[in-house]
Amino acid sequence: MRRTTQRRVVTTLAAGVTCAALVAGCSSGPDDAATSDGVQTLTMWARSDDEGFLPDLVDEFNASHEDIQLELTLVPSAQVVQKYSTAASTGSGPDVVAVEIGTIPQFTSTGWLQDITDEVTALPYRDALSPAHLEQGAVGDRNFAVPLSADVSVLYWNKDLFEQAGLDPEKAPATWDEIRAAAEAVSSLDGKDGYFFSGACAGCMAFTMLPYVWAGGGEVLESDGDQVTPLLSPNPQLEAALTFLRGMVDDGLVPQTAQTENGSDQFGPFFSGQVGMFVQGTYPFAQLKENYPDVDFGLTPVPSQDGSGTASFAGGDDLAITEGTDREAGMTVLKWFLDEGQQSLAAKGILPVRSDLAEGDYLQQDPRNAVFVDALSVGHTPKAAKVASVFFDNNGPFGGLVQSALFGSGSIADAMSQAQTAAEAALAQ
Amino acid sequence: MSVTPALPVARTTTRGAGDRGPVRPASRKALSRSRRRGLLLVAPALLLLAVVFVAPLGVSVWMSLSSWPLLGEHTFIGLDNYTRLLHDPQVHRALLFTLQFALVITPVTVLVGLGLALLVEKRRRGVGLVRTAIFAPVAIGFASASYLFLALTNTATGVFGRALVDLGITETAVNWLLDPGLAMLLVVIVTVWKTAGFAMVALMNGLQSIGKDIEDAARVDGAGRLRLLLQIKLPMMRDSIAFALTFTAIGAFLTFDQFYILTGGAPNNSTITSVYRIYNTAFTQGQLGYAAAFSLVFLAFVLVVTATQLVLLRRGADS
């Protein structure tokens, strides 16, 4: 009889444990805005790159609102597209989401974001909002997102190194020849290099190299309604930009680490005074002033080859409300970020997405801020639902193009046509 | 990698099993009752298997026959994904690179495992500690190990680079991603560090199952240590070696974490394995259907290679 009882115990235990395991394994339901005591809590996701300013803004929002509270989660930037996509497709995403404007077209036409065209049109400052941001968050003339933060690429130069190299430290390089000459001069200094870029980071290269192409009037994408075609080959402006950078690499004006820098250390060489110039956004500007006051630097818009035009990559985030969220609460959040939020940013010396707020406080902070405002006005963003998989994926067509054209043994023209084929295949899906 | 040892078959009886030998169940009712109990106990495992393996496999097959974007609607397209696979150079490169990597890593891991097993098979003082130390890396995940080595081998801040320079072996800190050979070497080092322990345990098992009398007999016949190893011990360990080789090879084919974290495909997308390409296609390119098709083709590929391996090893045993 002991054996039967023993068996019964074992069977019951086994069944019980399995049931518990299965129940525990069930995932929780989709994230819904929770309401308790009349306080609505909205969940918000943003990318980890926004760490510098967004948590503070969210705190300010929460301090000034009793009925709505925001719960911010920062998602690692490299995994953003993937995490947002999986959350969106399973309905377990956040109520409010901040998406990088380069990648938001992927989400605007999927029905995941709420159509807020009417509210946006009614905004009194609508015309002062960054056009690039609004365009990226729109499908046709319907708006699905509003601007949240702006980042634009500009050319940084180290004034101390310029002076040591015998160049005028106050004169910004205005043509490619001048950049090249400055790079040569700085490279001749012991242990210094003239120019730096993150060659293994596709997104970084899009941000820092494509302005050279756009400044010369070139394009890398062509949109015709729903049809998006890559224009990577033939493309004379792109070829010229690649040749320009390749020349500097071949002549040793660029540190070797540029070839393998995959985005994890974009600013180190400039922060430590090792390189003379690099193209970057607003983030290192704040960092340099706060943490590296010894580095004397200047900013200038990225020029075309002959200096007649300038351009920048308009980046940053758009803010959107996901489908199923309380629209009124969501719009309260969006409007706060567009108004008080932008004012707060401008007061802190961070580039606002509203040109009417850029004057005054923001420009007072630092005369160099004017460069960012100018750059935002000539900001471009490649617009395509698949832009991330073509331009921002390190293993994608553009990443491969940069590696082959700048560091490979083949010709730039070959690299460009290979990238064109790969990009066409990626965009065709 | 999990190893499920063969369980001894349980005997069911309604009376105590005396020394009269196997007792047949007293009635058919008792037999079906015991069978039902057996099924009941196995049912959770079967359910788990069905939910975690069979169902997703079925869904994968359905996805592979569809155009299934990560975001948006999916449509049935029949075998289009498979025909696209046939002509996709990225798929061919990924398969080729996976094969190359497996061909390099499998013998290296098993040889290192064999060397380690020979070192630690004898019961000496402290050998338990050494065995644990060698096996410990097997227990941590590949992602953790990769991040560990990513930090250690960082060109600017890593300990290894600094150590090599101080020892005079290199002039400047090694930049592993500049050269495809170096990138591969880095991954080989990390993988061998992490998996040699498993091969060691498997081979140690085989080594220790060889009776001491065989060793003594061979010694009496005048066989030296090397000859003893090569011509007597290894042939007797054939099963252990087959096991170690097969499991190491399967693990090598499925390699993803190390390349994703350590090299990111660098230099110039030359270190992308099949699973890496599948992951990239599914979650970065957002094409789940195409990725599902590739993963099913890859599954078939691995099955074929593994079956071939087993047949070859078994045939060797029969000869």
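Refer to the structure presented above.
All of these numbers come straight from a predicted model, not from anything done at the bench.

Enquirer: Describe the nonpolar core, naming the residues involved and giving the relevant values.
Expert: The biggest cluster of nonpolar side chains holds 116 residues, and the ones touching the most others in it are Tyr156, Tyr195, Phe197, Tyr212, Phe337 and Phe391 of chain A. In this structure Tyr195 of chain A touches Leu155, Ile179, Tyr212, Leu245, Met248, Leu253, Val254, Pro255, Met277 and Val279 of chain A, once residues within four positions along its chain are discounted. Core analysis: the second largest hydrophobic core is formed by 60 residues, Leu95, Val188, Ala196 and Leu229 of chain B among them.

Enquirer: Requested: an account of the sheet that holds strand 8 (residues 154–158) of chain A, with residues and values cited.
Expert: Residue and element names in this part refer to chain A. Reading across from one edge, 9-12-8-13 is the order of the four strands in this open sheet, with mixed pairing throughout. Looking at strand neighbours, the two that pair on one side only are strand 9 (193–196) and strand 13 (297–300), the edges of this open sheet. When strand polarity is set aside, the average angle formed by the axes of neighbouring strands in this sheet is 15 degrees. Strand direction decides the pairing type here: strand 9 and strand 12 (residues 275–280), joined by three bridges, are parallel. Across the sheet, residue Tyr195 finds its bridge partner in strand 12, namely Met277. Contacts from helix 8 (residues 176–187) reach strand 8, strand 9 and strand 12 within the one sheet, and its direction differs from that of strand 9 by about 130 degrees.

Enquirer: Tell me about the pattern of salt bridges, residues and numbers included.
Expert: Residue and element names in this part refer to chain A. Taken as a whole and assessed by the stated rule, the structure comprises 22 salt bridges over all chains. The salt bridge partner of Glu170 is Lys159, with a shortest N-O separation of 3.0 Å. A residue pair is termed long-range when its members are at least 10 positions apart, and Glu170 in the loop between helix 7 (159–164) and helix 8 and Lys159 in helix 7 qualify at eleven residues. Of the residues examined, Glu170 reaches a relative accessible area of 54% and is grouped as exposed.

Enquirer: Describe helix 1 (residues 28–64) of chain B, and please don't skip the residues or the numbers.
Expert: Residue and element names in this part refer to chain B. Between its first and last C-alpha atoms helix 1 spans 47 Å; for 37 residues at 1.5 Å apiece the expected length is 54 Å, and the helix comes up short by more than 12%. Along helix 1, the sharpest kink reaches roughly 40 degrees, centred on Ala43 and followed within four residues by the proline Pro44. Regarding helix 1, the residues found buried are Ala30, Ser34, Pro44, Met63 and Ser64.

Enquirer: Now, about empty space enclosed by the protein: what can you tell me, with residues and values included?
Expert: Residues and elements named next belong to chain A. Counting across every chain of the model gives one cavity of 30 Å³ or more. Estimated volume of the largest cavity: approximately 80 Å³. For the largest cavity, the lining is made up of 14 residues, of which Phe196, Phe197, Ser198, Thr208 and Val279 are closest to its centre. Counting only elements with at least two residues in the lining of the largest cavity, the list comes to strand 9, helix 9 (202–215) and strand 12. No other element matches the five residues that helix 9 contributes to the lining of the largest cavity. For the lining of the largest cavity, the per-class residue count stands at ten nonpolar, four polar and no charged.

Parameters at a glance
Residues numbered from 1 in each chain as written. Chains lettered and ligands numbered in written order. Predicted model: local features only at pLDDT ≥ 70, side-chain atom pairs only at ≥ 80, totals over all residues. Heavy atoms only, no water. Core = buried A, V, L, I, M, F, W, Y, C linked by side-chain atoms within 4.5 Å. Buried < 20%, exposed > 50% of the residue type's maximum accessible area, 1.4 Å probe, protein only. Contact = heavy atoms within 4.5 Å. Pairing = 2+ DSSP bridges. Helix = DSSP H or I, 4+ residues; strand = E, 2+ residues; numbered from the N terminus. Axes fitted to C-alpha atoms, helices over the stretch in contact; angles between N-to-C directions. Salt bridge = Lys/Arg side-chain N within 4 Å of Asp/Glu carboxyl O. Expected span 1.5 Å × (residues − 1). Bend = angle between axes of the 7 residues up to and from the residue. 1 Å grid on protein atoms, 1.4 Å probe; cavity = no way out; pocket = protein on both sides within 12 Å on 5 of 7 lines; lining within 4 Å. Points joined across faces, edges and corners; volume = space filled by probe spheres on them. Nonpolar A, V, L, I, M, F, W, Y, C, P; charged D, E, K, R; others polar.

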